[in-house]
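Each chain is listed here by its residues.
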Amino acid sequence: MGPDHEPLIADDPENLDNDADSAYGSLASSSTSLASSILKFRQENGRSYHAYKPERGYILPSDEQESDRLDMQHHVFALTFDGALNFCPAGNDGKPLRRVLDAGTGTGIWAIDFADAHPEAHVIGLDLSPIQPRFVPPNVAFYVDDLEEDWAFTEPFDFIYGRMLAGAMTDWPKFMQRAFENLSPGGWLELHDIAFPARSDDGTLPPDSDLAKWNDYVIEGGHIVNHSVECAKHYKQQMIDAGFVNVYEKLYKWPINPWPKDMKYKEIGMWTEENFCGGLHGLSIALFTRALGWGPEETEVFLAGVRKDLRNRQIHAYWPILVVYGQRPER
């Protein structure tokens, strides 16, 4: 069975007054120390990238601009889910949580919010880059490490969470297996991710548009460097193959801009437009230069057209967002 689908999003009739060119506003080991070398970020095309295990080739930058985008993205998730931080029974069934892992924590904003909501739990955030704040709740700890290395945690987790990890892993089945092995019996794994490419339910995203081409290029580049951005559509089956039960999948939609009539979707679209337009360079530059062989200037010229499409309210496109979770059997 495919994911549960949200209903079609209705276009705002006011958009009919806008022409097509109009724009709307604008684990591994849990003991890795922060060696000074880890803090010396690598520079590439004017962006900073993780210094820890640079051979991993992670495709997104680790700088202030990207951190701001990730925190804004957290806000979009909060709007989408009406403030819910997760959907599986972990932390929602009245049972206290002991240990929680935020895999690929980024700025750590989800881990901090979850720790505040669950003071009984010890929340560990793991990432390749030390971009998390120093002052955090007492039940939060952040570590720099590589989720694709062997996991050497001394105790299992009750809940493992990961968000927007598309392009982060080279071996997703192995990640699912490691997560399964590091969960307590009855523990849960939950993943929230974008499912490329962008879609349109009414045919207003032309295949020859810059936005559609960008999707194709990003997908192609991800496969070339073995960091596929199409991974989310396989999560459900990969969880099942790893031994998870009670596996659930649901599709949500992020409009690319405020084109919908519904006010909730319109607000999500407003923030999504800002998030993608402002972060498009960081989302693109590594794949376009490393994998596709484009020059930085050539890439930026093309991205100007992509931003124009992202701001065009006549294109009723959305980013598919999947929520997938499953449980390690009790026995």
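Residues numbered from 1 in each chain as written. Predicted model: local features only at pLDDT ≥ 70, side-chain atom pairs only at ≥ 80, totals over all residues. Heavy atoms only, no water.

1. Some remarks on the confidence of the model for the protein chain
Residues of the protein chain with pLDDT of at least 70 account for 87%, and the chain-wide mean is 89. The model gives residues 16-34 a pLDDT under 50, and that stretch makes 52 contacts with residues more than four places away or in other chains. (pLDDT = per-residue confidence, 0-100. Contact = heavy atoms within 4.5 Å.)

2. A look at the nonpolar core
Core analysis: the largest hydrophobic core is formed by 97 residues, its most contacted members being Leu189, Trp214 and Trp319. Broken down by element, the residue count for this core peaks at 10 residues, all from helix H6 (residues 263-291). (Core = buried A, V, L, I, M, F, W, Y, C linked by side-chain atoms within 4.5 Å. Buried < 20%, exposed > 50% of the residue type's maximum accessible area, 1.4 Å probe, protein only. Helix = DSSP H or I, 4+ residues; strand = E, 2+ residues; numbered from the N terminus.)

3. Things to note about the packing of H6 against helix H7 (residues 296-310)
Here H6 crosses H7 at 150°, and the two axes come no closer than 10 Å. Judged on the interaxial angle alone, H7 and H6 are roughly antiparallel. For H6 against H7, the interelement crossing comes out right-handed. Residue-level inspection shows Glu273, Phe276, Cys277, Leu280, His281, Ser284, Ile285, Phe288 and Thr289 of H6 in contact with H7, the latter providing Pro296, Thr299, Glu300, Phe302, Leu303, Val306, Arg307 and Leu310. Of the residues belonging to the contact of H6 with H7, the class tally is 10 nonpolar, 4 polar and 3 charged. (Axes fitted to C-alpha atoms, helices over the stretch in contact; angles between N-to-C directions. Parallel < 35°, antiparallel > 145°, perpendicular 65-115°, else oblique. Left-handed = near helix turned anticlockwise from the far one by under 90°. Nonpolar A, V, L, I, M, F, W, Y, C, P; charged D, E, K, R; others polar.)

4. A short note on the side chain of Thr272
Among the structural elements, Thr272 can be located in helix H6. Residue Thr272 is classed as buried on the basis of its relative accessible area of 1%. Engagement of the side chain of Thr272 in a polar contact is seen with the backbone oxygen of Ile268, the distance being 2.7 Å. In this structure, Thr272 is in contact with Val76, Trp254, Pro255, Ile256 and Trp319, ignoring residues within four places of it in sequence. (Polar contact = N/O pair within 3.5 Å; in protein donor to acceptor, adjacent residues only side chain to side chain.)

5. Observations regarding the environment of Asn246
On the secondary structure map, Asn246 appears in strand S9 (residues 245-255). Linking Asn246 and Gln327, residues 81 residues apart in sequence, is a C-alpha distance of 5.9 Å. When residues no more than four places from it in sequence are discounted, the contact partners of Asn246 are Trp188, Tyr325, Gly326 and Gln327. At a separation of 2.7 Å, a polar atom in the side chain of Asn246 contacts the side chain of Gln327.

6. Observations regarding the packing of aromatic side chains
The final tally for this structure, using the stated rule, is 28 aromatic pairs. With centroids separated by 5.7 Å and ring planes inclined at 50°, the aromatic side chains of Phe114 and Phe159 adopt a geometry described as tilted. With a gap of 45 residues between them, Phe114 in helix H2 (residues 109-117) and Phe159 in strand S6 (residues 157-163) connect regions that are remote in the sequence. Look at Phe159 and you get buried, because its relative accessible area is 0%. On the numbers, 5.8 Å between centres and 75° between planes, the contact of Tyr217 with Phe288 is edge-to-face. Of this pair, Tyr217 sits in helix H4 (residues 210-224) while Phe288 sits in helix H6, and the two are 71 residues apart along the sequence. Under the relative-accessibility criterion, Phe288 is labelled buried at 0%. Following the ring pairs from residue to residue traces out a cluster consisting of Trp151, Phe153, Phe157, Trp172, Phe175 and Tyr235. In this structure, Lys253 is placed above the aromatic ring of Tyr318, and the distance from its NZ or CZ to the ring centre is 4.7 Å. The positively charged end of Arg290 is found above the aromatic ring belonging to Tyr49, 4.9 Å away from the centroid. (Phe/Tyr/Trp six-rings, centres within 6.5 Å; stacked < 30°, edge-to-face > 60°. Lys NZ or Arg CZ within 6 Å of the ring centre and 35° of its normal.)

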